Amino acid sequence: QPARTADDAFGYAMVHFIEDANGYAEKIYLDVSRGDDPEAWDPLNGGKPILASQLGTTGVRDPYLTYNPETKTYYIIATDLRVFGGDRGAAGCTDWCYWSSQGSTKLNVWESKDLVSWSDLRQFDVAQSPAGSKVAELGMAWAPEATWVPGYNADGSGAFVMYWSSNVYGNSAHTGSTYSRVLWGATTDFTQQTYRYGGTMIDTGGNAIDTTVIQNAGKTYRVTKDNSFGRGIYMESTTATDWWNPTTAWT
């Protein structure tokens, strides 16, 4: 193929869901940007969803698109949560109280080689080991994202370090006061067989959610939303190669 030039037509793909209190829009949609303009996006597929969930809560939120360069496979990972029209819990703990304490700890996963044809939906549980034993008492698993780490495994192969938000509990009933940490695990293909729970990545002593990570010129940057201490959305950076380790120093 000839090399692309700056004048070639291109766009950025955005994978998202839609908030619609009166409809069933917690599905996967694709938009494409008009070149480099971050404020101009055109819906693909006539504005209709390209993927939907028939598993778990049947809702899809917070999708993230990522890529395994070793297998040349794209993945969409997403929260298994249906807010509009979903199970709302019972008296005493409804809506966000219920979803964050008794919600799904499974993630929705689709894979593709070309961003056009997608696999059937599958799920895996971030609170379980490959053998099916519980690894942590988590109230939910929300807003998963993942960063490819070359050479992560002992044999020199790479893996995704994945991170998401969960309330962590000290009992199986998920009662008592708690708050959201950002947790992490590793996987090569977002299946239960290759997934390994890592533990805590960010614990501020209050609600921390929705972390995103980007790397450039030897630095790793993370942006997190603080819902407890008035910090809003804040960014940190580190030069550490094991940036997912909770003891890593961040600026």
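Our structure's up above, just so we're on the same page.
Residues numbered from 1 in each chain as written. Predicted model: local features only at pLDDT ≥ 70, side-chain atom pairs only at ≥ 80, totals over all residues. Heavy atoms only, no water.

Draft legend 1. Broad picture of the overall build of the protein. Of the regular secondary structure elements, the protein holds one helix and 16 strands. Taken over the C-alpha trace, the protein has a radius of gyration of 19 Å; the compact-globule value for 251 residues is 18 Å, and the two agree within 12%. Counting every position in the protein, which comprises 251 residues, the buried fraction comes to 43%. When contacts within the protein are restricted to residue pairs at least 6 apart in sequence, long-range pairs at least 24 apart make up 48% of them. Summed over all atoms, the accessible surface of the protein reaches about 12800 Å², with 51% contributed by carbon and sulfur. Of the charged side chains in the protein, 18 are positive and 28 negative; the average position of the first set lies 3 Å away from that of the second. (Helix = DSSP H or I, 4+ residues; strand = E, 2+ residues; numbered from the N terminus. Rg over C-alpha atoms; globule rule 2.2 N^0.38 Å. Buried < 20%, exposed > 50% of the residue type's maximum accessible area, 1.4 Å probe, protein only. Contact = heavy atoms within 4.5 Å. Areas by Shrake-Rupley, 256 points an atom, 1.4 Å probe, with all protein chains shown as cover. Lys, Arg positive; Asp, Glu negative; His and termini not counted. Charge placed at Lys NZ, Arg CZ, Asp CG, Glu CD.)

Draft legend 2. Fine view of the nonpolar core. Membership of the largest hydrophobic core comes to 18 residues, with the highest contact counts inside it found for Phe124, Val126, Leu138, Met162, Trp164 and Phe190. Listed by contribution, the elements that provide at least two residues to this core are β5 (73–80), β8 (106–112), β10 (142–149) and β11 (159–167). Not counting residues up to four positions away in its chain, the partners in contact with Val126 are Thr105, Leu107, Val135, Leu138, Ala141, Met162, Trp164, Tyr195 and Tyr197. Val149, Tyr163, Val213 and Trp244 belong to the second-largest nonpolar core, a separate cluster that totals 14 residues. (Core = buried A, V, L, I, M, F, W, Y, C linked by side-chain atoms within 4.5 Å.)

Draft legend 3. Structural detail: the pairing of strand β4 (residues 60–68). The pairing of β4 with β5 spans seven bridges and is classified as antiparallel. Within the sheet, the bridge partner assigned to Asn68 lies in β5 and is Thr73. Where β4 hands over to β5, the hairpin turn is made up of four residues, of which Lys72 adopts a positive phi near 55°. (Pairing = 2+ DSSP bridges.)

Draft legend 4. Just the sheet that holds strand β1 (residues 13–16), in detail. The three strands lie next to each other as β1-β2-β3, forming an open sheet whose pairing is antiparallel. One side of each edge strand has no neighbouring strand; the edge strands of this open sheet are β1 and β3 (37–43). The mean angle between the axes of side-by-side strands here comes to 40°, regardless of whether they run parallel or antiparallel. Bridge analysis of strand β2 (residues 29–34) against β3 gives four bridges, and the strand direction is antiparallel. Residue pairing in the sheet places Asp31 in a bridge with Pro43 of β3. (Axes fitted to C-alpha atoms, helices over the stretch in contact; angles between N-to-C directions.)

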